[in-house]
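# Understanding the architecture of this molecule
So you can see what is in the structure, the chains are spelled out below.
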Amino acid sequence: MGEPATREAVDVGPLPAGQHPGPMRLGVIDIGSNTVHLLVVDAHRGGQPQPAASVRVPLRLVELLEADGSLGPEGEQALTTCVLDMRQQADALGVHDLAAFATSALRDASNGEEVLARVKGATGVAVGTLSGEEEARLTFLAVRRWFGWSAGRLLALDIGGGSLEIGAGLHEDPEVVASLPLGASRLTRDWLTDADPPRRSELTELRRYVRAQIAPVVGTIYHLGEPTRAVATSKTFRSLARIAGAEPYSRGPFTRRVLRRDDLADVLARLSRMPAAERVTLPGVSPSRAGQLLAGAVVAAEALDLFSVEEAEICPWALREGVILRRLDWLTAT
């Protein structure tokens with residue numbers, strides 16, 4: 001079998017001006033710390049992208065990193081197989097334009113660039129690496145487009161596997177962005193490994209660490225003006241909101257869902273008393289996320305407290321949608 005044709009990596013700059021294409025089927029492969037996700041949408045200029053397909057593989061790359069911070073042969077093979085399968089599915093679905101990007105796990109891996117070069121050779125998919133600040137900007141773009149200009153000054157929070165992204169501002173491009181090493185998987189691995197459920201002393205130390213990381217960002221954001229609306233994205237926030245009583249996601253993306261700070265404090269206290277195996281019995285908690293949910297709840301609780309957020313609205317769009325929206329803007333640029 002010959003080598004597959006190469007799909008070029010998504011560029012970070014605008015494409016040359018040209019004729020506006022009609023409806024397009026766009027795809028994005030998101031290689032995160034926990035999950036590799038293929039999202040396919042049908043989109044056109046001025047219209048809301050409509051989901052056509054969604055495929056998730058819980059690869060958990062962050063757990064496949066070696067002690068020296070590199071991704072070993074086993075992890076590389078698993079990633080290559082997954083990306084090739086997703087490319088084939090995208091081709092079968094008739095995707096016109098496929099973008100692929102990697103976030104924290106491969107961004108931080110000591111051999112990330114070499115691994116992605118080999119993945120490109122084996123699959124034909126060129127994978128770009130997003131910086132933490134780029135993640136925050138693209139997530140903020142998705143949040144802004146979802147809520148619109150009437151939302152005013154936005155504060156957007158996104159807890160991933162490896163990092164916490166924060167964005168704030170009045171426009172589509174946030175005025176302040178920050179990416180902090182406060183991902184749910186990362187903190188679970190580094191701070192909550194001795195006991196299940198963790199000892200109170202472990203949680204106390206983790207909360208101090210999280211607060212120390214977030215606190216410097218708070219003053220920078222409030223110096224610009226108090227946010228009109230706080231928004232939370234990501235699976236961690238969605239799961240916490242669901243435990244706190246938010247409507248199930250089977251009700252669709254247009255159902256309003258919020259996470260209140262007082263309710264989150266109760267959820268955190270509840271999670272801290274439960275072993276990971278019991279968390280899967282809670283609404284909205286998948287087996288693949290149960291182990292890291294407590295650390296994610298700590299980050300969420302400290303963020304809402306430090307930013308004085310009484311209520312965060314859950315946004316169904318996040319980083320993947322931000323990449324698609326930016327790509328659609330470029331493809332239809334005049």
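Everything below is about the structure printed above this text.
I will try to describe carefully the structure that is included in this document. (Residues numbered from 1 in each chain as written. Predicted model: local features only at pLDDT ≥ 70, side-chain atom pairs only at ≥ 80, totals over all residues. Heavy atoms only, no water.)

This brings us to the pattern of salt bridges. Any two side chains of opposite charge can pair, given that their charged atoms come close. Under the criterion given, the structure shown has 25 salt bridges. Where R25 meets D42, a salt bridge forms, and the shortest distance between an N and an O atom there is 2.7 Å. Taken together, the residues R25 in strand β1 (residues 24-31) and D42 in strand β2 (residues 36-43) connect sequence positions 17 residues apart. Here R199 makes a salt bridge to D194, at a shortest N to O gap of 3.6 Å. What you see here is one network of salt bridges that share partners, running through R207, R211, R261, E302, D305 and E310. (Salt bridge = Lys/Arg side-chain N within 4 Å of Asp/Glu carboxyl O. Helix = DSSP H or I, 4+ residues; strand = E, 2+ residues; numbered from the N terminus.)

The element strand β6 (residues 154-159) is largely enclosed, with a buried count of six among its six residues. Burial along β6 is two-sided: L154, A156 and D158 facing one way and L155, L157 and I159 facing the other are all buried. Where β6 and strand β7 (residues 164-169) come together, six bridges link them in antiparallel fashion. Residue pairing in the sheet places D158 in a bridge with E165 of β7. Joining the antiparallel neighbours β6 and β7 is a turn of four residues. Alignment of β6 against strand β9 (residues 229-233), held across five bridges, turns out to be parallel. Considered in β9, the bridge of A156 is made with V231. (Buried < 20%, exposed > 50% of the residue type's maximum accessible area, 1.4 Å probe, protein only. Pairing = 2+ DSSP bridges.)

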